[in-house]
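Structure at a glance
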Amino acid sequence: MTIKHLMMASALALTSAAALAAPAAAERVLRVADSPIGEIDPHLGNDLTDTVLAVNIYDTLVFPRADGPGVVPHLASEWAIDGAVYTFTLRDDVTFHSGNPLTADDIVFSYNRFMDMGQGLSSMFAGQVETVEAVDPHTVRFTLTAPFAPFLSNLVRLHIVDSQLVLANLADGTYGEMGDYGAAFLNGHDAGSGAYMVTSQNPQTETVLAKFDDYFGGFIENAADTVRYRYGIEASTMRALLARGEHDISDEFLPPEVIAALANDPNLHLISQGGSTGDYIKLNTQRAPLDDVHCRRALSYAFDYENTLRILQINGEFSQGRPMRGPIPSALAGYNPDAPVMAQDMDRAREELALCQYDPAQYPLDIAWVAEVPARERVAMLMQATFSQLGFRVNVSKTPWALLTEQVSNAETAPHAAEIGVSANSPDTDSLLYAMYHSSVAPTWMSAEHLKNDDVDALLDAARLETDEDKRVEIYSQLNTLLIDLAPSIFAYESVGVYVARNSIDVPDMLNDDTRRIEMYNMNWNNISVADEQ
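Overview of the structure. (Residues numbered from 1 in each chain as written. Predicted model: local features only at pLDDT ≥ 70, side-chain atom pairs only at ≥ 80, totals over all residues. Heavy atoms only, no water.)

Across the sheet, 4 strands lie side by side as S4-S5-S7-S6; this open sheet has antiparallel pairing. Whereas interior strands pair on both sides, the edge strands pair on one side only; in this sheet they are strand S4 (76-82) and strand S6 (129-136). The average angle at which neighbouring strand axes cross in this sheet is 15°, direction not considered. By the bridge criterion, 6 bridges tie S6 to strand S7 (residues 139-144) in an arrangement that is antiparallel. If you follow Val 129 over to S7, its bridge partner there is Leu 144. (Pairing = 2+ DSSP bridges. Helix = DSSP H or I, 4+ residues; strand = E, 2+ residues; numbered from the N terminus. Axes fitted to C-alpha atoms, helices over the stretch in contact; angles between N-to-C directions.)

Encoded structure:
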């Protein structure tokens, strides 16, 4: 690192230290929990925890609309669309945490970094953009290779970094003149313009952040001065911390009975968000006996949807799940509220199994459940009991999330079935279904079904090209029907994130069921009030 780089890093450290140096009595601290690992490089992250960090540290040209599909202006004050050309006018009041002003060059650099590194959610733009150019300091133009309907919504995943700061902190790497593209630096520091800036980072335990007073988006009254984003707190520990007033907002993975017990504490209340996340029993379509569609349909009909929802019920008002009507959650375009909900039908299950080429007695099923989410063990055990009625021998395994994500990325090592919650990555249905079911997508936990079907690919491709929203909804309606028939997944339930919060904490974005942003875009720390009496 050069002397210039060291001076800049020292200046940033002093800024961070100053932000934390407010008198203890005046400081408002927000303590939030989630699952590890917390990735603060916005171009590497792809999980829920990573999303919360990116949303609060960085900004994007557009932001998900609060009341349904679509986006609203954010870093961009306005835009114009001319065929495949999108021209954005930038706000003139945005400053990065370093003090550098936002310019169009930062947009261009951020896009190039995202795509050159090819990690995180960069596949949402792969092959779609021909050029990105700074027209002037406050105007940036994207020229697409062809019409691409999800493009505007997908921009909620293009987080903008301070190009000057990143360029000043390059290390040796594999990206030519860009070295490591600042990856080592952004592993422990931020280069954002968001409401909060990183003061310390341990991806396994905690990220600590300080309020950025110059944030253009402003703050709710009594917003936190410091946020402690904690990772991997076990349910028993979380329960004790909340009861003692030593934590403020739980993660969404507490068992229902723990949430129910905490809800009875007069010092605590529940908040929730949902609408863009499905919990899917991902069936390995490339592994016998589930490479036979009839066998997959048999499991889909046999699944006990009703009792699964009972497992997730917290009290008369809150549940961690609600019925699904196919692969599309309720907040996304293409969801049909009049379609029948998924329901168990053991007679149909046996009829489909009779058409399957495999003898269930000869093909034991492996079911994995995510170790960090205890309620999923109960769903797995329910599947074991139900699928056994069809003649299958079912093996259930508790698998840490990090190991499961590795296993399911390869059809040969993936279990027959694994329950995985998948959220839309943008307010567009494409960001959910394409990532899960298009055969061209690189295999990840999102596409653990390893589906390869020409008809599905054709419909997904058609939806990307169709710019008429009504026609796109019809395409997704067809996809909904086709995917139910192909049964690459069991559409178990629509996931609802239920959190326990102290009464001193007010989260207005998560108190209204009409708020249907894609998941974790409601956890905006600048819009969370921390009362004096903590």
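In the structure shown here, the tally under the stated rule is 21 salt bridges. Notably, a salt bridge pairs Arg 297 with Asp 485, separated by 3.1 Å at the nearest N-O pair. Of this pair, Arg 297 sits in helix H9 (residues 293-302) while Asp 485 sits in helix H16 (residues 469-486), and the two are 188 residues apart along the sequence. Of the residues examined, Arg 297 reaches a relative accessible area of 16% and is grouped as buried. Here Glu 306 ties to Arg 310 by a salt bridge, and the two come within 2.7 Å at their closest N and O atoms. In this pair, Glu 306 and Arg 310 both sit in helix H10 (residues 305-312), 4 residues apart, roughly one turn of the helix. Here the two residues Glu 306 and Arg 310 agree in accessibility, since each one is exposed. (Salt bridge = Lys/Arg side-chain N within 4 Å of Asp/Glu carboxyl O. Buried < 20%, exposed > 50% of the residue type's maximum accessible area, 1.4 Å probe, protein only.)

The next subject is the packing of H10 against helix H12 (residues 375-388). A pair of packed helices is characterised by two quantities: the angle between their axes and the separation of those axes. Contact geometry for H10 and H12: axes closest at 10 Å, N-to-C directions at 160°. One way to sum up the angle between H10 and H12 is to call them roughly antiparallel. Crossing handedness for the pair H10 and H12: right-handed. Each of Asn 307, Thr 308 and Ile 311 in H10 lies in contact with H12, whose residues at this interface are Ala 375, Arg 378, Val 379 and Leu 382. Partitioning the contact of H10 with H12 into residue classes produces 4 nonpolar, 2 polar and 1 charged. (Parallel < 35°, antiparallel > 145°, perpendicular 65-115°, else oblique. Left-handed = near helix turned anticlockwise from the far one by under 90°. Contact = heavy atoms within 4.5 Å. Nonpolar A, V, L, I, M, F, W, Y, C, P; charged D, E, K, R; others polar.)

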